Amino acid sequence: MAKPVTLAAIAGAHGVAGEVRLKLFGEGVAALAQHKSFNDGALTLVKIREDGKGGAVARLAESTSRADAERLRGTVLTVPREALPPLVEGEFYHADLLGLPVVTDAGDVIGTVAAIENFGATDIIEITLEPAPEKGPKTFMVPMIPAAVIEWDDNRLVIAADFADN
C-alpha cells in the first residue's frame, strides 16, 4: 500500500471550542476541504475556513474543547495517495520525490532528495550528499526548473551536472 500523503499539520488551538489552526501543505483550503476523513478515519473534518495568513482554521469532530485541540498540536492530516487527483505532465506530489536517489545527467550518483521547499518563486529540491563530506555542507539545493531538474520517475531524480554541488 502506498504511503499516505500529508496535506496539513495542526499548529495549535484556536479559541476555546476545539477549533484547530492548520499549516497547509497543499493547494490551499479548497483542496483540503475536498477530504472529510484523515489519518485512516481517525479525524473527521466538520468545517474549515481560511485564516487570512496562508493557513486555515478547522473544526474536527474529535475536538470539542481547547484541551482536545491542544492535544492534537503537531498531528499531521494525511490521506491515502489514491484519494488525490491524478497529475498532469510536469506535476508532482512532494511525497513522491522525497527519498528518491539523485543522479546527474552525466551518470554520477549524488545523493537523495531530503526536502522540497518553496520560498515564493518555485519549488526548491534539497539534496543530501551521499556519502556526506567530512567538511562543508552536507546538502545543497536545486531549483525545480527544467534546466536544473531534467526528469524524475518512481526510481530516481536526474539533475543537470552543472547544478550538482560537488
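Parameters and conventions
Residues numbered from 1 in each chain as written. Predicted model: local features only at pLDDT ≥ 70, side-chain atom pairs only at ≥ 80, totals over all residues. Heavy atoms only, no water. Core = buried A, V, L, I, M, F, W, Y, C linked by side-chain atoms within 4.5 Å. Buried < 20%, exposed > 50% of the residue type's maximum accessible area, 1.4 Å probe, protein only. Helix = DSSP H or I, 4+ residues; strand = E, 2+ residues; numbered from the N terminus. Contact = heavy atoms within 4.5 Å. Pairing = 2+ DSSP bridges. Polar contact = N/O pair within 3.5 Å; in protein donor to acceptor, adjacent residues only side chain to side chain.

A. Spotlight on the nonpolar core. Judged by nonpolar contacts, the single largest core of 23 residues is most densely connected at L22, L32, F38 and I48. Those elements giving two or more residues to this core turn out to be β1 (5–14), β2 (19–24), α1 (29–33), β4 (43–50), β5 (56–60) and β6 (76–79). Apart from the residues within four sequence positions on either side, L32 is in contact with L7, A8, L22, L24, F38, L45 and I48. V102, I116, I125 and V149 belong to the second largest nonpolar core, which has 18 residues in total.

B. Local environment of the sheet that holds β1. What the 6 strands build is an open sheet, ordered β3-β4-β5-β2-β1-β6; its pairing is antiparallel. Each of the sheet's edge strands pairs with one partner strand only, and the pair in question is β3 (37–38) and β6.

C. Representation of the environment of T75. Along the chain, the position of T75 falls in the loop between α2 (66–71) and β6. For T75, a relative accessible area of 22% translates into the label partly exposed. Separated by 65 residues in sequence, T75 and I10 have C-alpha atoms that sit 5.4 Å apart. Ignoring anything within four residues of it in the chain, the contact list for T75 reads A8, A9, I10, N39 and L43. Engagement of the side chain of T75 in a polar contact is seen with the backbone oxygen of L72, the distance being 2.7 Å.

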